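Structural overview
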Amino acid sequence: DKTLHVYSGFAITMVTSEVLQGCNVKPWKAVLIGFGAGVLAGAGKELVWDKAMHRGTPDVWDFTSTCWGSLIGVAIEIKTYKNGKRNRKSRTINR
């Protein structure tokens, strides 16, 4: 179950960040909003779905796992952005 939470946080962060960057949002803002979306989804799932609606058992470790997945997504987005930026510079120099 914790693995699914990690994957969910990761996916939400990555998709949100990529969509926002595609809409010309600055990369650091897109990553920050993506991270917020992942954390908010994890909190919402535990508080609303599990606790308020009694559809499951609220667990702080499920929420923590979702946050870790979001954090991994942030790290990959930052690394991807830095690599892409470096590659673009090298291509323009070689022309």
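Given the structure is predicted, the values throughout are model-derived calculations rather than measurements.

Thresholds applied
Residues numbered from 1 in each chain as written. Predicted model: local features only at pLDDT ≥ 70, side-chain atom pairs only at ≥ 80, totals over all residues. Heavy atoms only, no water. 1 Å grid on protein atoms, 1.4 Å probe; cavity = no way out; pocket = protein on both sides within 12 Å on 5 of 7 lines; lining within 4 Å. Points joined across faces, edges and corners; volume = space filled by probe spheres on them. Helix = DSSP H or I, 4+ residues; strand = E, 2+ residues; numbered from the N terminus. Nonpolar A, V, L, I, M, F, W, Y, C, P; charged D, E, K, R; others polar. Phe/Tyr/Trp six-rings, centres within 6.5 Å; stacked < 30°, edge-to-face > 60°. Lys NZ or Arg CZ within 6 Å of the ring centre and 35° of its normal. Buried < 20%, exposed > 50% of the residue type's maximum accessible area, 1.4 Å probe, protein only. Polar contact = N/O pair within 3.5 Å; in protein donor to acceptor, adjacent residues only side chain to side chain. Contact = heavy atoms within 4.5 Å. Patch = residues over 30% accessible without salt bridge, like charges linked within 9 Å, V, L, I, M, F, W, Y side chains within 5 Å. Areas by Shrake-Rupley, 256 points an atom, 1.4 Å probe, with all protein chains shown as cover. Salt bridge = Lys/Arg side-chain N within 4 Å of Asp/Glu carboxyl O. Expected span 1.5 Å × (residues − 1). Arc of directions from axis to C-beta.

On to the layout of surface pockets. Space inside the largest pocket adds up to approximately 160 Å³. Breaking the lining of the largest pocket down by element, the ones donating at least two residues are α2 (27–52) and α3 (60–94). Looking at which element gives the most residues to the lining of the largest pocket, the answer is α2, with five residues. Residue composition of the lining of the largest pocket, by class: eight nonpolar, no polar and one charged.

Right, let's talk about the packing of aromatic side chains for a bit. Counted by the stated rule, this structure contains zero aromatic pairs. For the cation-ring pair, Arg 55 lies above Trp 49, with the distance from its terminal atom to the ring centre recorded as 5.2 Å.

Although it is not a glycine, Asn 24 adopts a positive phi angle of roughly 65 degrees. Note that Asn 24 resides in the loop between α1 (2–22) and α2. The backbone of His 54 shows a phi angle near 55 degrees, a positive value even though the residue is not glycine. Mapping His 54 onto the fold places it in the loop between α2 and α3.

Moving on: the side chain of Asp 62. Relative to the helices and strands, Asp 62 resides in helix α3. For Asp 62, a relative accessible area of 3% corresponds to the buried category. Side-chain polar atoms of Asp 62 contact the side chain of Lys 2, separated by 2.8 Å. For Asp 62, the residues in contact, after removing those within four places along its chain, are Asp 1, Lys 2, His 5 and Glu 46.

Now for a nonpolar patch on the surface. Judged by side-chain polarity, Leu 47, Val 48, Trp 49 and Met 53 come together as a nonpolar surface patch covering roughly 380 Å² of accessible area. Along the chain, Val 48 turns up in helix α2. What makes Val 48 partly exposed here is its relative accessible area of 45%.

Let us look at α1. With 21 residues, α1 should reach 30 Å at 1.5 Å per residue; the first-to-last C-alpha distance of 30 Å fits that figure. Every buried residue belonging to α1 is among His 5, Gly 9, Thr 13, Met 14 and Ser 17, and all of these are buried. All buried residues of α1 fall inside an arc of 155 degrees around its axis, so they share one side. Those residues of α1 that are exposed and aimed more than 90 degrees away from the buried face are Leu 4, Tyr 7, Val 15 and Gly 22. With its phi angle positive at about 65 degrees, Asn 24 sits one or two positions after the end of α1.

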